[in-house]
Amino acid sequence: MTRINTDDYFRPSTAATLAGVSRALAYRLIAAGTVPSVEIDGTVFVHRRDVRRIVATPGMGRPRKT
């Protein structure tokens with residue numbers, strides 16, 4: 001059995017908060033395959049690097065307040 005570092009994975013709601021997008025958008029991106037995810041015992045997780053990808057993609061986050 002392979003062990004993973006759970007500190008590197010976030011639930012979609014946490015990933016959405018960190019990325020500055022809505023929870024619904026995070027789930028849509030996961031369902032569309034835009035953001036890779038893993039499922040462990042029925043729970044979906046997103047890797048830290050993939051959260052960073054959401055943040056780095058133009059137009060993916062919430063607009064900044066001016």
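Look up: the structure comes first, before these words.
Residues numbered from 1 in each chain as written. Predicted model: local features only at pLDDT ≥ 70, side-chain atom pairs only at ≥ 80, totals over all residues. Heavy atoms only, no water.

1. Regarding the side chain of His-47
Phase 1 of the analysis: Along the chain, His-47 turns up in strand E3 (residues 43-47).
Phase 2 of the analysis: The class of His-47 is buried, set by a relative accessible area of 15%.
Phase 3 of the analysis: Setting aside residues up to four positions removed in sequence, His-47 forms contacts with Asp-8 and Tyr-9. (Helix = DSSP H or I, 4+ residues; strand = E, 2+ residues; numbered from the N terminus. Buried < 20%, exposed > 50% of the residue type's maximum accessible area, 1.4 Å probe, protein only. Contact = heavy atoms within 4.5 Å.)

2. What to know about the nonpolar core
Phase 1 of the analysis: Val-21, Val-35, Val-46, Val-51 and Ile-54 are the most contacted members of the largest nonpolar core, which totals 13 residues.
Phase 2 of the analysis: Elements with a minimum of two residues in this core: helix H1 (12-19), helix H2 (23-32) and helix H3 (48-56).
Phase 3 of the analysis: At four residues, H2 tops the list of elements feeding residues into this core.
Phase 4 of the analysis: When residues no more than four places from it in sequence are discounted, the contact partners of Val-51 are Phe-10, Ala-15, Leu-18, Ala-19 and Val-46. (Core = buried A, V, L, I, M, F, W, Y, C linked by side-chain atoms within 4.5 Å.)

3. So, a nonpolar patch on the surface
Phase 1 of the analysis: A surface patch of nonpolar side chains, about 210 Å² in accessible area, is lined by Ile-4, Val-38 and Ile-40.
Phase 2 of the analysis: In this structure, Ile-4 sits in the segment before strand E1 (9-10).
Phase 3 of the analysis: Accessibility expressed as a relative area gives 42% for Ile-4, which makes it partly exposed. (Patch = residues over 30% accessible without salt bridge, like charges linked within 9 Å, V, L, I, M, F, W, Y side chains within 5 Å. Areas by Shrake-Rupley, 256 points an atom, 1.4 Å probe, with all protein chains shown as cover. Salt bridge = Lys/Arg side-chain N within 4 Å of Asp/Glu carboxyl O.)

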